[in-house]
Amino acid sequence: MSKTDKRLHVARVPSNIAFVKYWGKRDTTLQWPANDSLSMTLSAAHTITSAQIATGGPDRIEAGGTLLSGKRLDKARKHLDFLRAELGFAAPLLINTKNSFPSDCGIASSASGLAALTVAAIAAWTDAGTLADLDAEGFDRRRLAALARRGSGSACRSLFGGYVAWQAGGSPAEQSVRVVRDAESMPLVDLIVIVSTAAKTHGSTEAHQTAWSSPLFAPRLAGLPERFARVESAIKRGDFSALGHEIETEALEMHAVMMSSTPSANYFAPQTSEITAWLRRERLRGEFEAYFTIDAGPNLHVICEPKAADYVASRIQAAFPTQSGAPLEVLRDHTGSGPVLNALNLDEPR
Ligand code: PMV
């Protein structure tokens, strides 16, 4: 197939939820994180992005059929320019992208968005029909992850399924991404509790850099290697209780760093705190076993085993009625198996 073919290439890449958070960078250009992180790849929360070689002009980037604008457009353009310069491709692209979930409010849309853009764009430039074709063209998952990382750090973990570690290594070039455990052998549910879909006021790209100003950041970094080891070991042993306790402490610690930074970033909405306190209370009473984690946004990710998911979701909705009387939105997601390229059931994201 010719490299100038104008076939449409469609990538579906899942979001991920970090159990050990990436917060703070040692190098902003090369996207070298301050610490190792570890996430669970999701499934229902994903981005579908199509890419096609354009005949001329600048890249045309649409979200669900409408031209993209503002920061999302700048980020996407910058990443396409980086990929072209790095890989030696020249052609402009027609891009259309769609998230299956609300963007910019703590469901890691930049992770799935930048990873899907990377896969779709390179598939269009190389005219690769499958992920195996991309691999044959010299773009295996690790290389795709390293390229996606430059658009958004957490995007590198979305290139793999299951439980995924991103290790900082001794230099920017020594970073690596690896699968700790596959999705099938330890399925967990992520109940994403939508407290607010308002776009966050501090984008994570800028906020990462404020971490170094927090007096809590140095002690956090000192303790993280041990926490990472405990989280990895809990996943490998399938010890859900040990994992759950670690991820709550970890999320609260990252938010304590955010809040004590200058300038301070507080992503919690009042209901975020109410739900975390309620969840812990109910767990202590033996009502159910579920644990929260929270990214850079007000929404909560409540992690539980599949057998408990329906009950936990219904209890959250009963305990937190909305003013309109409609049930609080709880999106049900689970451990996912990673990206898909040009599958038969992938329609163009319009
Ligand atoms: O990849 P970024 O720059 O959007 O940063 C993501 C940071 C957190 O979502 C808060 C944590 C993480 O590891 O995903």
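Check the entry above for the structure.
Going along each chain's sequence as written, the residues are numbered from 1 onward. Totals for whole chains, interfaces and linings use every residue, but because this is a predicted model, local features are given only for residues with pLDDT of at least 70 and side-chain atom pairs only at 80 or more, for both listing and counting. As a rule here, side-chain values come from all non-hydrogen atoms in the structure, and water together with hydrogens is ignored.

**Points about the overall build of the protein**
And step 1. In this description a helix means any DSSP run of H or I spanning at least four residues, a strand means any run of E spanning at least two, and both kinds are numbered starting from the N terminus. Along the protein, the regular secondary structure elements total nine helices and 14 strands.
And step 2. Taken over the C-alpha trace, the protein has a radius of gyration of 20 Å; the compact-globule value for 350 residues is 20 Å, and the two agree within 12%.
And step 3. The principal-axis extent of the C-alpha atoms belonging to the protein is close to 65 × 45 × 40 Å.
And step 4. Scored against the burial criterion, the 350 residues of the protein give a buried share of 55%.
And step 5. Between two residues, a contact is recorded if the distance between any of their heavy atoms is within 4.5 Å. Within the protein, counting contacts between residues at least 6 apart in sequence, those at least 24 apart form 76% of the total.
And step 6. When the accessible surface of the protein is split by element, carbon and sulfur atoms take 53% of a total near 14200 Å².
And step 7. When charges are counted, neither His nor the chain ends are considered; positive counts come from Lys and Arg and negative counts from Asp and Glu. A charged residue contributes its charge at one atom only: NZ of Lys, CZ of Arg, CG of Asp or CD of Glu. Computed over 37 positive and 37 negative side-chain charges, the separation of the two mean positions in the protein equals 2 Å. Radius of gyration: C-alpha atoms only; globule rule: 2.2 Å multiplied by the number of residues to the exponent 0.38. Working definition: with a 1.4 Å probe on protein chains only, accessible area under 20% of the residue-type maximum means buried, over 50% means exposed, and in between means partly exposed. Residue exposure ignores everything except the shown protein chains as possible cover, and the areas themselves are Shrake-Rupley values with a 1.4 Å probe.

**Side note on the pattern of salt bridges**
Oppositely charged side chains can pair when the atoms bearing their charge come close.
And step 1. Here, a salt bridge means any side-chain nitrogen of Lys or Arg that lies within 4 Å of a carboxyl oxygen of Asp or Glu. Under the definition given, this model contains 22 salt bridges.
And step 2. Where Glu250 meets Arg227, a salt bridge forms, and the shortest distance between an N and an O atom there is 2.5 Å. On the criterion of sequence distance, the pair formed by Glu250 in helix α7 (residues 240-259) and Arg227 in helix α6 (residues 217-237) is long-range, its members being 23 residues apart.
And step 3. In this structure, a network of salt bridges that share partners links the residues Arg220, Arg227, Arg230, Glu246, Glu250 and Glu253.

**Examining the site of the ligand**
And step 1. Near the ligand there are 14 residues, and of these Tyr22, Ser152, Ser154, Arg157 and Ser204 occur at the shortest range.
And step 2. Any N or O atom pair separated by 3.5 Å or less is treated as a polar contact, with the protein-specific requirement of one donor-capable and one acceptor-capable atom, and with residues adjacent in sequence counted only for side-chain atom pairs. The contact in question runs from an oxygen atom of the ligand to an N or O atom on the side chain of Ser110, over 3.0 Å.
And step 3. Contact between the ligand and Asp295: an oxygen atom at 3.4 Å from a side-chain N or O atom of the residue.
And step 4. A total of 380 Å² of accessible area belongs to the ligand in isolation, and the protein chains cover 96% of it.
And step 5. Gly falls in the polar group here, along with every residue not listed as nonpolar (Ala, Val, Leu, Ile, Met, Phe, Trp, Tyr, Cys, Pro) or charged (Asp, Glu, Lys, Arg). A per-class count over the shell around the ligand returns five nonpolar, six polar and three charged. Whether a residue is near a molecule or strand depends on its heavy atoms: if one lies within 4 Å, it is near.

**Brief notes about the nonpolar core**
And step 1. The criterion is simple. A nonpolar core is a set of buried Ala, Val, Leu, Ile, Met, Phe, Trp, Tyr and Cys residues joined through side-chain atoms within 4.5 Å. By size, the foremost hydrophobic cluster in this structure holds 42 residues, and its most contacted members are Val119, Ile122 and Leu134.
And step 2. Of all elements in the fold, only β1 (9-20), β4 (37-53), α1 (70-87), β7 (93-99), α2 (109-126), α3 (131-136), α4 (141-151) and β8 (163-167) reach the threshold of two or more residues within this core.
And step 3. Per-element tally for this core: the top contributor is α2, with 11 residues.
And step 4. Those residues in contact with Leu134 that sit more than four places away from it in its chain are Val119, Ile122, Ala123, Thr126, Ala128, Phe139, Leu144 and Leu341.
And step 5. Counting 35 residues, the second largest nonpolar core, distinct from the first, contains Ala34, Ala45, Leu188 and Leu224.

**So, the packing of aromatic side chains**
And step 1. Only Phe, Tyr and Trp rings are paired, with Trp represented by its six-membered ring, and only when their centres lie within 6.5 Å; those with planes under 30 degrees apart are stacked, over 60 edge-to-face, the remainder tilted. Taken as a whole, this structure holds eight aromatic pairs when the rule is applied.
And step 2. For the pair Trp212 and Phe217, a centre-to-centre distance of 4.9 Å together with 90° between the ring planes defines the contact as edge-to-face.
And step 3. Residue class for Phe217 comes out buried when judged on its relative accessible area of 2%.

**Considering the sheet that holds strand β11 (residues 290-293)**
And step 1. On the basis of which strands lie adjacent, the open sheet formed by four strands has the order β11-β12-β10-β13 and antiparallel pairing. The open sheet has two edge strands, β11 and β13 (329-334), and neither has a second partner. Adjacent strand axes in the sheet meet at a mean angle of 25° when their direction is disregarded.
And step 2. In this analysis, strands are considered paired if DSSP registers two or more bridges between them. Bridging between β11 and strand β12 (residues 300-304) involves four bridges; their strand directions are antiparallel. Opposite Ala290, over in β12, you have Cys304 as the bridge partner.
And step 3. Against the sheet, helix α8 (residues 270-284) engages β10 (189-194), β11 and β12, with an angle of about 155° to β11. Angles run from 0 to 180 degrees between N-to-C directions of axes, and those axes are lines fitted to C-alpha atoms, restricted for helices to the stretch in contact.

**Here we look at the packing of α7 against α8**
And step 1. Two elements in contact, α7 and α8, have axes whose closest approach is 13 Å; the angle formed by their N-to-C orientations is 160°. Relative to α8, α7 is oriented roughly antiparallel. Where α7 crosses over α8, the handedness of that crossing is left-handed. On α8, the residues touching His245, Glu248 and Leu252 of α7 are Leu279, Arg280 and Arg283. When an angle is under 35 degrees it counts as roughly parallel; over 145 it counts as roughly antiparallel; between 65 and 115 it counts as roughly perpendicular; any other value is oblique. If you view the pair so one helix is near and one far, a crossing is left-handed when the near helix is turned anticlockwise from the far one by less than a right angle, and right-handed when it is turned clockwise.

**Section: the pairing of β10**
And step 1. The buried count for β10 comes to six of six residues, which makes it a mostly enclosed element.
And step 2. Covered by surrounding structure in β10 are Val189, Leu191 and Val193 together with Asp190, Ile192 and Ile194, the residues of both alternating faces.
And step 3. Bridge analysis of β10 against β12 gives five bridges, and the strand direction is antiparallel. Within the sheet, the bridge partner assigned to Val193 lies in β12 and is Leu300.
And step 4. Here β10 runs beside β13; their pairing, made up of six bridges, is antiparallel. Paired with Ile194 across the bridge in β13 is Glu329.

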